[in-house]
Amino acid sequence: MCGIVGYVGPSPSLAVLVAGLTRLEYRGYDSAGVAVLGPDGLGVAKKAGKLGALVDLLDHSPLADGTTGIAHTRWATHGAPTDENAHPHLADSGKLALIHNGIIENYLELKHEVEALGAVCLSETDSEVAAHLVAHHYSESGNLTDALQKTVNRLDGAFTLLVTHQDHPGVVVGARRNSPLVVGVGDGENFLASDVAAFVEHTKTALSIDQDQIVTITPDGVTVQSFSGEPVTPTPFTVDWDASAAEKGGWSSFMAKEISEQPEAVENTLRGRIHPDGSVDLGDVNTLIAEHDTKRVVFLACGTAAYAAMIGAYAVEAWAKIPATVELSHEFRYREPYLDGHTLVVSVSQSGETMDTLMAVKYAIEKQATTVSVCNTQGATIARESAGVLYTHAGPEVAVASTKAFTSQIAAIYLLALGLAQKTGTLSVAERQEIAADLLQAPTHMATMLQSDERIQEMAHWMADTRSVLYLGRHVGYPIALEGALKLKELAYIHAEGFAAGELKHGPIALIEPGQIVFVVVPSPREAPTLHNKVVSNIQEIRARGARVIAIAEKGDAAVLPFADEVIAMPPASSWVAPLLAVIPLHYFGMELASAKGLDIDQPRNLAKSVTVE
Ligand code: F6R
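Rules used throughout
Residues numbered from 1 in each chain as written. Predicted model: local features only at pLDDT ≥ 70, side-chain atom pairs only at ≥ 80, totals over all residues. Heavy atoms only, no water. Buried < 20%, exposed > 50% of the residue type's maximum accessible area, 1.4 Å probe, protein only. Helix = DSSP H or I, 4+ residues; strand = E, 2+ residues; numbered from the N terminus. Contact = heavy atoms within 4.5 Å. Polar contact = N/O pair within 3.5 Å; in protein donor to acceptor, adjacent residues only side chain to side chain. Expected span 1.5 Å × (residues − 1). Pairing = 2+ DSSP bridges. Axes fitted to C-alpha atoms, helices over the stretch in contact; angles between N-to-C directions. Domains from an automatic or database assignment. Buried area = accessible area lost by both parts, 1.4 Å probe. Salt bridge = Lys/Arg side-chain N within 4 Å of Asp/Glu carboxyl O. Near = heavy atom within 4 Å. Areas by Shrake-Rupley, 256 points an atom, 1.4 Å probe, with all protein chains shown as cover. Nonpolar A, V, L, I, M, F, W, Y, C, P; charged D, E, K, R; others polar.

Caption draft 1: Just helix H5 (residues 144-152), in detail. Within H5, seven of the nine residues are buried, which leaves the element mostly enclosed by the surrounding structure. Here H5 has its buried residues at Leu144, Thr145, Ala147, Leu148, Gln149, Thr151 and Val152. Here the buried face of H5 lies against strand E6 (96-104), helix H4 (127-141), strand E7 (157-165), strand E8 (172-177), strand E12 (213-218) and strand E13 (221-226). A distance of 3.0 Å separates the backbone nitrogen of Thr145 from a side-chain oxygen at the start of H5, and that oxygen is part of Asn143.

Structure below.
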């Protein structure tokens with residue numbers, strides 16, 4: 001939540017900062033602001049609304065540009081999204097500007113303290129208090145890094161802070177605890193940002209800033225220290241994607257682009273990791289699995305990532321014969337779960353920054369569990385905190401609603417499940433080879449599913465006024481039903497529920513009335529005949545009560561035809577590949593219905609891509 005960017009260098013900073021915010025807007029989009037150190041001191045512009053509102057403001061009331069600045073795009077926590085609550089916040093008579101991502105839990109106590117020292121808080125935010133506290137400590141030493149160090153040691157909660165001061169042109173100081181911060185190292189210029197996307201068009205050389213570290217950038221240098229003042233050598237990495245990967249490239253939305261990238265994302269995630277004998281090469285994770293006496297696997301994730309984990313857990317149990325469960329990260333850590341050294345905890349997170357998942361991973365580490373992260377973002381906090389990481393190679397995902405990250409998470413977890421089965425010896429070489437061959441076919445089948453968009457678009461248009469949509473599935477189709485429903489809720493703001501089809505008669509069938517739209521993910525009659533028959537019976541039950549059934553079924557599945565109002569056909573594939581196919585029309589449906597209602601597809605209301613607050 002909240003995107004932050006800082007710049008020092010020879011270029012006029014406004015353009016660099018606003019371009020950076022454009023790439024970070026997915027992190028929060030209810031207000032935005034910028035502070036630039038110009039010839040006459042610190043200039044600030046901030047505005048409620050999307051980034052466009054700030055750009056309009058800057059067009060009408062230009063700021064004197066300079067070569068040092070910080071900028072912020074906000075997802076409100078404390079205080080409504082107003083101009084006053086937008087960042088940057090000023091202190092020291094307007095000479096110091098600060099931006100913040102996170103939540104300062106003890107801000108009320110600190111607010112009383114800074115007010116007693118004479119500060120006047122103009123906003124309702126927790127962040128402004130930090131600005132006044134830095135200013136107070138700055139007044140003692142005249143050293144911005146020291147002032148930030150003293151400040152962060154007083155703060156409870158999660159934060160990334162960036163500070164600039166008009167007496168120090170060419171300097172931006174940042175600090176982080178439980179919120180992301182990376183450095184972009186340029187030639188005579190340096191950047192600080194929540195995510196490499198903000199500076200990748202300028203440099204691909206980056207430095208990870210770890211927990212509880214402070215970084216000071218000037219045009220020619222980067223120095224890092226711990227919160228206790230010890231010097232630290234940061235870890236460098238090279239961004240492995242181009243700026244063009246985070247551009248819309250002619251598509252109507254990032255989501256449309258990212259849905260279409262799903263076959264490639266899965267292909268890239270599998271690439272080079274499967275050997276001809278069906279064994280898998282997962283780098284360090286192979287060693288970790290080999291050395292760990294895994295008696296149980298616990299997946300930790302939220303939202304869409306949790307649905308990917310559910311499918312993964314089925315595969316772990318089926319292939320490796322190891323008990324596997326999925327826990328919503330935010331529920332898990334507050335219920336005193338039992339973990340021990342025989343538990344392999346697998347976190348699944350596109351961003352690698354989701355606070356709930358990060359905290360759950362830390363809890364697991366405390367309890368001696370071995371941790372592996374399935375992550376899409378290089379150098380992300382969860383990946384760094386975990387003992388091992390299995391990167392998905394989906395490329396940057398910009399639309400708030402996750403699509404290509406979801407399918408590549410499933411692919412990555414399948415690899416992990418194969419790796420575990422390799423260790424337990426519960427699959428024969430022939431069985432492993434068959435699964436591997438099926439997985440390698442998945443991208444081709446997924447590409448076929450991209451053709452369903454036109455029909456879905458028509459359906460979405462005639463359903464634009466619908467008030468409720470239900471989704472049913474069984475086995476690996478159940479998480480797909482949940483994912484379909486989540487997409488509709490978050491994108492089209494329509495009530496939607498996903499159910500395990502077998503659960504229907506235990507209550508939800510009471511919801512069925514004439515005209516109720518129900519999507520049903522139908523198992524393959526060849527691969528899973530028993531389940532298929534059961535789902536066809538479920539379809540008959542709801543059809544008899546007047547539901548309009550849209551079945552996502554294998555091509556040629558004659559049993560479904562008489563009972564479905566619409567059939568979206570999937571190419572014949574294995575049961576494990578089927579969820580990767582069935583989800584594509586559901587992703588399209590959420591997107592097309594939102595589009596039919598004239599809604600913002602990439603930035604749905606109240607949401608942000610990376611949920612870095614609890
Ligand atoms: C839904 C969606 C969210 C995320 C969830 C976890 O479309 O994107 O439900 O899946 O917030 O995010 P990550 O994977 O970054 O931990």
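Caption draft 2: How the structure looks around helix H11 (residues 355-366). Taking 1.5 Å per residue, 12 residues should reach 16 Å; H11 reaches 16 Å between its end C-alpha atoms and fits that length. The element H11 is largely enclosed, with a buried count of nine among its 12 residues. Taken together, the buried positions of H11 are Met355, Asp356, Thr357, Leu358, Met359, Ala360, Val361, Tyr363 and Ala364. Tucked into the core, H11 has its buried residues touching E7, strand E16 (296-301), helix H10 (329-332), strand E18 (343-349), strand E19 (370-375) and helix H12 (381-385). Just beyond H11, the residue with positive phi is Gln368, at close to 75°.

Caption draft 3: Structural context of the sheet that holds strand E22 (residues 495-500). Strand order across the open sheet formed by five strands is E22-E21-E23-E24-E25, with parallel pairing between neighbours. Looking at strand neighbours, the two that pair on one side only are E22 and strand E25 (566-570), the edges of this open sheet. Neighbour-to-neighbour, the strand axes of this sheet turn through a mean angle of 15°, independent of strand direction. Bridge count for strand E23 (residues 517-521) against strand E24 (residues 548-554) is five bridges, and the pairing is parallel. Note that in E24 the partner of Ile517 across the bridge is Arg548.

Caption draft 4: Representation of the domain arrangement of the protein chain within the structure. In terms of domains, the protein chain is made up of domain 1 (3-245), domain 2 (254-427) and domain 3 (451-596). The C-alpha-based centres of domain 1 and domain 2 are spaced at 32 Å. Among the residues domain 1 hides against domain 2, the three largest losses belong to Tyr26, Asn178 and Ala245. Together they make up 34% of the total. Remark: the boundary between domain 1 and domain 2 carries one salt bridge.

Caption draft 5: Up close: the site of the ligand. Lining the immediate surroundings of the ligand are 14 residues, of which Ser349, Gln350, Ser351, Thr354 and Glu490 lie closest. Contact distances for the ligand include 2.6 Å between an oxygen atom and a backbone N or O atom of Gln350. Interatomic distance of 2.4 Å between a side-chain N/O atom of Glu490 and an oxygen atom of the ligand. Protein chains bury 89% of the 410 Å² of accessible surface belonging to the ligand in isolation. Listing elements by their share of the shell around the ligand, those giving two or more residues are helix H9 (303-320) and helix H16 (477-492). Taken together, the residues of the shell around the ligand sort by class into five nonpolar, seven polar and two charged.

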